[in-house]
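Single-letter residue listing:
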Amino acid sequence: MSQLGGSDTLKQWQETASYWTKHHETIRAMFAPLTAALIEHARIRQGDSVLDVAGGAGEPSLTIARVVGPLGSVMCTDAVPEMVAAAEREALRLGVENVQFRQCTADSLPFADDSFDVAVSRLGVMFFPNPVAGLREMLRTIKPGGRIALAVWGKSELSPYSYVVTDVISRHVQSPKAEPDAPDAFRFAEPGKLAAILKEAGAINVGESVVKFDIAAPLSPAEFWVFRSEISESLRVKLKSLSLEVRDQIGCEVQDAVTEFFYDGQMSFPAQMIIVNGQKRDPRVPSNKES
């Protein structure tokens, strides 16, 4: 999930990696439905070789590894060494043997042309420094006719997991408006935007789907606030600038605001994501369609 350029951004994600490791089970549960949808849209099956770019602390790579089975393989990559190390530890703990790990950025993948059947990225492409270059690299490394699938956040106003916290924070901290094409979680929330970039990168048969599911995990509102305030680098920075009293007040306000999404120790936020998929042109097939 982390894929960066620039020393400042890389340092931020290095600091975030420890929190992603701490909360990896919660994160896995939260996005399990999205992982399942990504696997479906990428048409991943037993025996496939799969490249996961910006795989973070190990997902969706470890879930994909179970789908492709012992005859298949997964290459999990991330720009942040601490994320890669966390993913390796989790694979060892789970006894998953058909996954390999490499530290690298999306726009400089250390793999030969035509190496994989499928390339995926779950909630990572929004942070690519140069999305077109990163997607061209992903396409380069998959075989002719191979498949690519990318999952990104839909519009923030449709995601209470995000906007409830943002609305509370905005009452206490002024935040500059993000540039439309700056690396940001909602960079490709506008329908058609990422699909156009994937076409520009050279993919054919490009499609786009909206995936609706519940971001769910066994958390209380208080545990949710601890989780959110730790895994978000931008949120941690904002909170550090405030007094302890104000931070405590924000925590109470967030917990009050999210109560409707919690019941009996379970968090459940309705979510809407976008999955964009396509194929690498196969020069041997003259009837390749473009869409």
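Look up: the structure comes first, before these words.
Residues numbered from 1 in each chain as written. Predicted model: local features only at pLDDT ≥ 70, side-chain atom pairs only at ≥ 80, totals over all residues. Heavy atoms only, no water.

Here we look at the overall build of the chain
In step 1: Each helix and strand counted, the chain has eleven helices and eight strands in total.
In step 2: Over its C-alpha atoms the chain spans a radius of gyration of 19 Å, differing by no more than 12% from the 19 Å that the globule rule assigns to 291 residues.
In step 3: Structurally, the chain occupies a C-alpha span of about 65 × 40 × 35 Å along its principal axes.
In step 4: A total of 291 residues make up the chain; the buried ones form 52% of that total.
In step 5: Of all intrachain contacts in the chain linking residues separated by at least 6 positions in sequence, the fraction that spans at least 24 positions is 82%.
In step 6: Carbon and sulfur atoms make up 51% of the accessible area of the chain, which amounts to about 13,300 Å² in all.
In step 7: Counting 30 positive and 37 negative side-chain charges, the chain places the centres of these two groups 5 Å from one another. (Helix = DSSP H or I, 4+ residues; strand = E, 2+ residues; numbered from the N terminus. Rg over C-alpha atoms; globule rule 2.2 N^0.38 Å. Buried < 20%, exposed > 50% of the residue type's maximum accessible area, 1.4 Å probe, protein only. Contact = heavy atoms within 4.5 Å. Areas by Shrake-Rupley, 256 points an atom, 1.4 Å probe, with all protein chains shown as cover. Lys, Arg positive; Asp, Glu negative; His and termini not counted. Charge placed at Lys NZ, Arg CZ, Asp CG, Glu CD.)

As for the side chain of D282
In step 1: With respect to the element layout, D282 can be found in the segment after β8 (266-279).
In step 2: Judged by relative accessible area, which is 8%, D282 ranks as buried.
In step 3: Side-chain polar atoms of D282 contact the side chain of R284, separated by 2.9 Å. (Polar contact = N/O pair within 3.5 Å; in protein donor to acceptor, adjacent residues only side chain to side chain.)

Considerations on the nonpolar core
In step 1: Counting 94 residues, the largest nonpolar core has F31, L135 and I215 as the members making the most contacts within it.
In step 2: In this structure I215 touches M30, F31, W153, Y161, M267, S268, F269 and A271, once residues within four positions along its chain are discounted. (Core = buried A, V, L, I, M, F, W, Y, C linked by side-chain atoms within 4.5 Å.)

So, the environment of S73
In step 1: Locating S73 in the fold gives a position in strand β2 (residues 73-78).
In step 2: Accessibility expressed as a relative area gives 31% for S73, which makes it partly exposed.
In step 3: Residues S73 and S61, spaced twelve residues apart in sequence, show a C-alpha to C-alpha distance of 9.6 Å.
In step 4: In contact with S73, not counting residues within four places along its chain, are D48, S49, V50, V68 and N98.

Thoughts on the packing of aromatic side chains
In step 1: Under the counting rule described, the total for this entry stands at ten aromatic pairs.
In step 2: A ring pair is formed by W153 and F186, whose centres lie 5.7 Å apart and whose planes are at 55°; its orientation type is tilted. Here the residue W153 occupies a position in strand β5 (residues 142-153), and F186 occupies one in the loop between α7 (160-170) and α8 (193-200), the gap between them amounting to 33 residues.
In step 3: According to the relative accessible area criterion, F186 is partly exposed, its value standing at 21%.
In step 4: Ring-pair connections join several aromatic residues into one group, and the members of that group are F31, W153, Y161, F186, F224, F261, F262 and F269.
In step 5: Cation over ring: R228 sits above Y161, and NZ or CZ is 4.7 Å from the ring centre. (Phe/Tyr/Trp six-rings, centres within 6.5 Å; stacked < 30°, edge-to-face > 60°. Lys NZ or Arg CZ within 6 Å of the ring centre and 35° of its normal.)

Some points on the state of the cysteines
Note: disulfide means a covalent bond formed between the sulfur atoms of two cysteine side chains.
In step 1: Counted under the stated rule, the structure contains zero disulfides.
In step 2: We note that C76 lacks a disulfide partner, and the nearest cysteine sulfur, in C104, lies 9.4 Å from it.
In step 3: The buried category is assigned to C76, whose relative accessible area is 2%. (Disulfide = S-S within 2.5 Å.)

Concerning helix α5 (residues 81-94)
In step 1: Over its 14 residues, α5 extends 20 Å from the first C-alpha to the last, a length consistent with the 20 Å expected when each residue adds 1.5 Å.
In step 2: Within α5, burial applies to M83, V84, A86, A87, E90 and A91. Buried residues of α5, viewed axially, fall in a sector of 160°; they line one side. Away from the buried face of α5 by more than 90 degrees, exposed residues L92 and R93 are located.
In step 3: The positive-phi residue at the C-terminal boundary of α5 is G95, with phi of around 75°. (Expected span 1.5 Å × (residues − 1). Arc of directions from axis to C-beta.)

On their own, these measurements won't tell you what the molecule is for.
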